[in-house]
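This is what each chain is made of:
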Amino acid sequence: MNRLSTRQATLVYIVTGIILIIFMIPIYLILASSLKPSADMFSRPPTVFFTPTLQHYVDLFTLRPFHWNIINSLIVTLGSTVFSVTIGALGAFALSRIRHPRINDAAFWILSMRMFPPIAVVVPYYIIFKSVGLLDTPLALIIVYSTANIPLTVWLMKGFFDEVPEALEEAAQVDGYGIVEIFYRITLPLAAPGLAVCAVFCFIFSWNEFLFALMLTGSSAQTATVAVMSFWSSDAVQWGRIMAGSFIILIPGVIFVLTCQKWLVKGLTLGSVK
């Protein structure tokens, strides 16, 4: 039995290692291409061993203000994430505690707002923001991303709030707590891992989104994902700078996920074991 368990564990490690390698190959190719000299970029056969250079990263920040694009992405992403998680948690708590025969229909209607294809609403958004003077501003993207993130946050957080025993809230009511104090002091801390899960999803969507950022921004509020694609033109494709920018874009998402990893694991397993 022990021998069989050892074989199973070994098989799991081997399969996990293979999957990890497969997922790491694109990241390795992006990093390697960003460090390759331009002369080795299109060599045939492909150059495996080369002298690394940081010239593409230097060009990325000296020939254009790419650091401002990173700052714009951070402002939009963090603003949308904080706003979506805050409003979404309040809405999810209300849906979780209201007793009504059609409450699940209301929850599904909220989630359906997330199902609109971006291409179907980008033109109305463009017209609205142009008419109110918000075109090419970070606030416009924060509003757009929040309209997509809030429904998802409400749907996810409702499940987490459903797992919190209502007996704890009833006991707090006996002690004289109001509904606001119960939410912030009792329910929300117990569902904190769920907030981490929602924050990660909101952050990833807002950080990687391309279509809205392309259509609703110009030079002032242009995000990093759009700025990277500006190196692709009909005259030439500057692959070195594209790969350097792509690798830089990967870093904040990885840092954010690793920062929330402790709460993320708890949130993903909340309710799995009674």
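One can find the structure itself at the top, above this paragraph.
Residues numbered from 1 in each chain as written. Predicted model: local features only at pLDDT ≥ 70, side-chain atom pairs only at ≥ 80, totals over all residues. Heavy atoms only, no water.

Visitor: Please explain the overall build of the protein chain as it appears in this structure.
Guide: If you tally the helices and strands in the protein chain, you get 14 helices and 0 strands. A compact globule built from 274 residues should have a C-alpha radius of gyration of about 19 Å, whereas the protein chain, at 23 Å, is more than 25% larger. Per-residue burial for the protein chain yields a buried fraction of 37% across its 274 residues. Once local pairs closer than 6 in sequence are excluded, the contacts in the protein chain between residues at least 24 apart make up 75%. Entry remark: accessible area of the protein chain is about 16200 Å², with carbon and sulfur atoms responsible for 72%. One way to put it: in the protein chain the 16 positive side-chain charges average out to a point 9 Å from where the 13 negative ones average out. (Helix = DSSP H or I, 4+ residues; strand = E, 2+ residues; numbered from the N terminus. Rg over C-alpha atoms; globule rule 2.2 N^0.38 Å. Buried < 20%, exposed > 50% of the residue type's maximum accessible area, 1.4 Å probe, protein only. Contact = heavy atoms within 4.5 Å. Areas by Shrake-Rupley, 256 points an atom, 1.4 Å probe, with all protein chains shown as cover. Lys, Arg positive; Asp, Glu negative; His and termini not counted. Charge placed at Lys NZ, Arg CZ, Asp CG, Glu CD.)

Visitor: What am I meant to see in the nonpolar core here?
Guide: Grouped together as the largest cluster of nonpolar side chains are 37 residues, with contacts concentrated most on Phe66, Met157 and Phe161. At the level of elements, helix H3 (55-62), helix H4 (66-97), helix H5 (103-112), helix H7 (138-163), helix H9 (179-190), helix H10 (192-208), helix H12 (224-229) and helix H13 (239-259) are the ones that each hand at least two residues to this core. Non-local contacts of Phe161, meaning those with residues more than four positions away in its chain, are made with Ala89, Ala92, Phe93, Ser96, Arg97, Phe183, Thr187, Leu188 and Ala191. One finds Val76, Ala140, Leu141 and Tyr145 within the second-largest nonpolar core, a separate group that totals 13 residues. (Core = buried A, V, L, I, M, F, W, Y, C linked by side-chain atoms within 4.5 Å.)

Visitor: How should I be thinking about the packing of helix H8 (residues 166-174) against H9 in this particular structure?
Guide: The relative placement of two packed helices comes down to the angle between their axes together with the axis-to-axis distance. Closest axis-to-axis distance for the H8/H9 pair is 10 Å, and the angle between their directions is 160°. Our classification of the angle between H8 and H9 gives roughly antiparallel. Like other packed secondary-structure pairs, H8 and H9 cross with a definite hand, here right-handed. Of H9, the residues touching H8 (which contributes Leu168, Glu169, Ala172 and Gln173) are Ile182, Ile186, Thr187 and Leu190. For the contact of H8 with H9, a count of residues per class yields 5 nonpolar, 2 polar and 1 charged. (Axes fitted to C-alpha atoms, helices over the stretch in contact; angles between N-to-C directions. Parallel < 35°, antiparallel > 145°, perpendicular 65-115°, else oblique. Left-handed = near helix turned anticlockwise from the far one by under 90°. Nonpolar A, V, L, I, M, F, W, Y, C, P; charged D, E, K, R; others polar.)

Visitor: I keep staring at unusual backbone geometry and nothing clicks. Help me out?
Guide: Phi at Asp136 takes a positive value of approximately 65°, unusual for a residue other than glycine. The residue Asp136 is located in the loop between helix H6 (118-132) and H7 in this model.

Visitor: Would you mind showing me how to read the environment of Gln222 here?
Guide: The topology assignment puts Gln222 in the loop between helix H11 (211-216) and H12. Taking the relative accessible area as the measure of exposure, Gln222 reaches 15% and is therefore buried. Sequence separation between Gln222 and Gly79 is 143 residues, and the spatial gap between their C-alpha atoms is 15 Å. Not counting the four nearest positions on each side in its chain, Gln222 is found in contact with Arg64, Asn69, Asn72, Asp136, Thr217 and Ala227.

Visitor: Would you take a moment to explain the packing of H4 against H7 for this structure?
Guide: Packing of H4 against H7 brings their axes to within 6 Å, and their N-to-C directions diverge by 35°. Of the two elements, H4 crosses H7, and the hand of that crossing is right-handed. When grouped by side-chain class, the residues that make up the contact of H4 with H7 number 17 nonpolar, 9 polar and 3 charged.

Visitor: Could you clarify how one ought to interpret the pattern of salt bridges in this entry?
Guide: As a working rule, side chains carrying opposite charge can pair if their charged atoms are close by. This model, assessed by the stated rule, comprises 3 salt bridges. When the shortest N-O distance is used, the salt bridge between Arg241 and Asp59 registers 3.9 Å. Here the residue Arg241 occupies a position in helix H13, and Asp59 occupies one in helix H3, the gap between them amounting to 182 residues. Where Asp162 meets Lys158, a salt bridge forms, and the shortest distance between an N and an O atom there is 3.2 Å. Placement of both Asp162 and Lys158 in helix H7 is noted, with a separation of 4 residues, approximately one turn of the helix. (Salt bridge = Lys/Arg side-chain N within 4 Å of Asp/Glu carboxyl O.)

Visitor: Is there a simple way to explain the side chain of Thr217 in this structure?
Guide: Checked against the element boundaries, Thr217 lands in the loop between H11 and H12. Reaching out from Thr217, the side chain makes a polar contact with the backbone oxygen of Ala213 at a distance of 2.3 Å. Setting aside anything within four residues of it in sequence, one finds Thr217 in contact with Asp136, Leu141, Phe212 and Gln222. (Polar contact = N/O pair within 3.5 Å; in protein donor to acceptor, adjacent residues only side chain to side chain.)

Visitor: Can you walk me through the side chain of His56 in this structure?
Guide: Within the element layout of this structure, His56 appears in helix H3. Look at His56 and you get buried, because its relative accessible area is 7%. Not counting residues up to four positions away in its chain, the partners in contact with His56 are Ser33, Ser34, Lys36, Pro37, Ser38, Met41, Gly240, Arg241 and Ala244.

Geometric descriptors of this kind do not, in isolation, establish any biological role.
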